[in-house]
Amino acid sequence: MTDGRVLWLPIAAALAVGCGHESARPTQDGTPAAQAAPADSGARATDVPVLADFDARVKEYVALHRRLEDTLPHLSKDSTPQQIDSHQRALERLIREARADAKPGSIFTPDIQAVVHRLMAQVFGGADGAALKASIMDENPGPIDLAVNARYPDAIPLSTVPPQVLQGLPTVPPELEFRFIGRHLILMDEHAHLIVDVINNVLPR
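Keep in mind that this is a model prediction, so the values were computed, not measured. For every chain, the first residue of the written sequence is number 1, and numbering continues from 1 along that sequence. Given that the model is predicted, a residue must reach a pLDDT of at least 70 before its local features are reported, and side-chain atom pairs must reach 80 or more before they are shown or counted; all residues, however, enter totals for whole chains, interfaces and linings. Each side-chain value is worked out from all heavy atoms of the structure, with water and hydrogens disregarded.

Engineer: Looking at this structure, how should I read the pairing of strand S3 (residues 194-199)?
Structural biologist: The side chains of a regular strand alternate between the sheet's two faces. When a residue's accessible area, from a 1.4 Å probe over protein chains only, is under 20% of the maximum for its type it is buried; when over 50% it is exposed; and in between it is partly exposed. Secondary structure elements follow DSSP: runs of H or I of four or more residues count as helices, runs of E of two or more count as strands, with numbering from the N terminus. With 6 of 6 residues buried, S3 lies mostly within the body of the structure. Between any two strands, at least two bridges found by DSSP are needed for them to pair. Pairing of strand S2 (residues 184-189) with S3, which is carried by 5 bridges, proceeds in the antiparallel orientation. The residue of S3 that forms the bridge with methionine 188 is isoleucine 195. Taken together, S2 and the strand that follows it, S3, pair antiparallel across an intervening segment of 4 residues, in which histidine 193 is found at a positive phi of about 55°.

Okay, structure coming up:
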């Protein structure tokens, strides 16, 4: 994944409502994340309580993730691919059992979905929109059946999410990441390879 995750917007940064607000926290590829989105990101003051609610829901999920992961044998830098895969699948099972009643919208509430749709429409409606969509679709697996709390299919590649797109999305802790499947945006648990929640039809046609 091309990582350029940034804090959602200056308002959110100032009020500390984004998820995982470490100062200049590095992205997954080791590069520092910027501390605020561009001033013309399109966010509104009325988005602040929506972002705060999203933040709380993400923190609740990550607390569960970390509590369950701590019950498993810890991986080391010398862990084999087989050990890593076994750890991932064991964590997946634990989380799926703990969230057996999870449904779409448990983290991506209708309010946060509306904000994401609006901001992504601005991103993809801009001058670079067509090129950004093309870069996502280059590795996009296309439409497949999605289920919240289900494993991301092992045979399906992970799409690239350009930094310009990530700038319109909230920062999330390292256990989570955003991916596109077809036109849908998913929040994926990277350690468990699990679909945490989904927003339908984020990518323009």
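Engineer: In this structure, what is going on with the nonpolar core? I would like to understand it.
Structural biologist: Looking at soluble globular proteins, one finds that nonpolar side chains tend to be buried together. Note on terminology: a nonpolar core comprises buried Ala, Val, Leu, Ile, Met, Phe, Trp, Tyr and Cys residues joined through side-chain atoms within 4.5 Å. Core analysis: the biggest nonpolar cluster contains 39 residues, and Val165 and Phe180 have the highest contact counts within it. The set of elements that each furnish at least two residues to this core consists of helix H2 (48-69), helix H3 (81-98), helix H4 (110-124), helix H5 (129-138), helix H6 (163-166), strand S1 (176-181), S2 and S3. The dominant element in this core, judged by the number of residues it contributes, is H2, at 8 residues. Contacts are assigned to residue pairs with any non-hydrogen atoms lying within 4.5 Å of each other. Setting aside residues no more than four positions away along its own chain, phenylalanine 180 makes contact with Phe124, Ile136, Asn140, Pro141, Ser159, Val161, Val165, Leu185, Val202 and Leu203.

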